[in-house]
Amino acid sequence: MTAAHAHAAARAAGPLPLAEGAATPAGMVRLAGLAVPVWPDGVTPSLLEEYQVSPPPVERPGETRRVLAACLKCCWSDLSADPWPGATAPVERVLDTYRALIGRTDDVMRNWAVGALRRLHDSAWVVMADGFVRLGPRCATWPVESYGQLKELMRRLPEPERGELTVLRDADLVEAAGPDDQSLAQPHAGRIDGARAEFDDLLDAFDERRRAEVVAAFMALEFAAEPVQESRFAALRDPAPRRVLAEMLARRGRTLIQQRERWTSGYDDAVAAKTGTALGESERAVLTLVLIHSVAIPRAEGLLPEDSWLSPHATPVDELRRHTQLPIGELEAALRVLRHAGLLAQVKAGEEAGGYVPGPQFHRLTQAARRRLQEELILAAGPHTPLAAAVRAQRKTGDE
């Protein structure tokens, strides 16, 4: 697997499993059998704040941050060591810490905390299974310079109250009833090797200021929620550093996408074809329904331009329930995955239930990807129409 394919796979599905003895792809750090992408020059997506660029939205961001802090409080048992891999802790202990942090114990807050744990698990910030939780591999990417602030935060977080009926200490509970699931098994070591140099041959040609401008533009292209204005980043206005940006993205299986005077990045078509999708059948079915009701139907009625994949026309939840055979729990799980991936966004409509629209990831489609998606939507919405027959005939001709 090339480095570009490795980065594309990690972006699509999370930290990449590495076989013993396999080389760590450039631009990744090896963490006890996992490869996690790292950012150039040690910067983090927090750099976007300096440019007043919004990162991808997180559901209930305040709750998610507080629950991550509670996980860190419970799992970073030795502050003299690195936070990752830390120790395994019962989920109930994390929830107790969260309750102590917010000063509330009602069921609504518990449900929000459990939802935040799921989001953190899905994004590899924590690993959760069988009632236990530990820090995920993404925590290993925190800069060492941030440890001082994290330690101070841990000292300030309150300790949860313990009920009188608790007989065993948490450590005893983990030792006596720890899950067999290997996903919660403690790694044998922390960082095994650092990230191999990835962009130095491209960036060394610039002085310190210009290099910082290129790195900032790279981070904005990869992590901003919306395409960024060319005028905001010097490296996007100048053709020379823009070519360097294109090469940096290519090494990660990505490509530059221009929308008039705005820029973003997306999967390179050739890399995407070999990477495949991380979505399951349920997620693909639900996404197709939303695209039909929010894009295809409004477009056929002349309410959307031909090339738009974003839409203000929400698909009501009742419509999804009526046109899918998925059980309600599976439907809600699929919607959660699609929201988290940025493929769907939830909107409210006053006192009504609201619904779902295509998410910000649809900004990142290349022209070829837009064309393929258009064809797939034709096949899904009208499989027996002459237009669908023409699509199948064209694909058959292309394969021969």
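Here the structure is a predicted model, which is why all the values come from computation and not from measurement.

### Some thoughts on the sheet that holds strand β4 (residues 89–90)
The strands making up a sheet associate through backbone hydrogen bonding, with each pair oriented either parallel or antiparallel.
Item 1. Sheet architecture is open: 3 strands sit in the order β4-β6-β5, paired in antiparallel fashion. Each edge of the open sheet carries a strand with a single partner, namely β4 and β5 (126–129).
Item 2. As defined by bridge partners, β4 adjoins strand β6 (residues 132–135) across 2 bridges and the pair is classed as antiparallel. Bridge pairing in β6 links proline 90 to phenylalanine 132.

### A short note on the sheet that holds strand β2 (residues 28–31)
Item 1. Strands sit in the order β1-β3-β2 across an open sheet of 3 strands; the sheet is antiparallel. Where the open sheet ends on each side, the last strands, each with one partner, are β1 (16–17) and β2.
Item 2. With 2 bridges connecting them, β1 and strand β3 (residues 34–37) associate as antiparallel partners. Bridge pairing links proline 17 to leucine 34 in β3.

### Focus: the pairing of β3
Item 1. Alignment of β2 against β3, held across 4 bridges, turns out to be antiparallel. Residue pairing in the sheet places arginine 30 in a bridge with alanine 35 of β3.
Item 2. Linkage of β2 to β3, two consecutive antiparallel strands, is achieved through a turn of 2 residues, within which alanine 32 is found at a positive phi near 50°.

### A few points about the pattern of salt bridges
Item 1. Applying the stated criterion to the full structure yields 22 salt bridges.
Item 2. A salt bridge links glutamate 152 to arginine 155, with the shortest nitrogen-to-oxygen separation between them at 3.9 Å. With glutamate 152 and arginine 155 both in helix α5 (residues 147–156) and 3 residues apart, this pair spans about one turn of that helix.
Item 3. Among the residues examined, glutamate 152 registers a relative accessible area of 39% and is labelled partly exposed.
Item 4. Arginine 155 sits in the exposed class, given a relative accessible area of 56%.
Item 5. For the salt bridge of glutamate 375 with arginine 395, the shortest nitrogen-to-oxygen distance reads 3.2 Å. Of this pair, glutamate 375 sits in helix α15 (residues 367–381) while arginine 395 sits in helix α16 (residues 386–399), placing them 20 residues apart in sequence.
Item 6. Among the residues examined, arginine 395 registers a relative accessible area of 29% and is labelled partly exposed.
Item 7. Through salt bridges with shared partners, one network takes in Asp41, Asp200, Asp204 and Arg211.

### Comments concerning the packing of aromatic side chains
Item 1. According to the stated counting rule, one finds 5 aromatic pairs in the structure shown.
Item 2. With centroids separated by 5.8 Å and ring planes inclined at 25°, the aromatic side chains of tryptophan 125 and tryptophan 142 adopt a geometry described as stacked. Of this pair, tryptophan 125 sits in the loop between α4 (107–122) and β5 while tryptophan 142 sits in the loop between β6 and α5, and the two are 17 residues apart along the sequence.
Item 3. The lysine or arginine in question, arginine 254, covers the ring of tyrosine 267, its NZ or CZ lying 4.7 Å from the ring centre.
Item 4. The lysine or arginine in question, arginine 299, covers the ring of tryptophan 309, its NZ or CZ lying 4.8 Å from the ring centre.

Cut-off values and rules
Residues numbered from 1 in each chain as written. Predicted model: local features only at pLDDT ≥ 70, side-chain atom pairs only at ≥ 80, totals over all residues. Heavy atoms only, no water. Pairing = 2+ DSSP bridges. Helix = DSSP H or I, 4+ residues; strand = E, 2+ residues; numbered from the N terminus. Salt bridge = Lys/Arg side-chain N within 4 Å of Asp/Glu carboxyl O. Buried < 20%, exposed > 50% of the residue type's maximum accessible area, 1.4 Å probe, protein only. Phe/Tyr/Trp six-rings, centres within 6.5 Å; stacked < 30°, edge-to-face > 60°. Lys NZ or Arg CZ within 6 Å of the ring centre and 35° of its normal.

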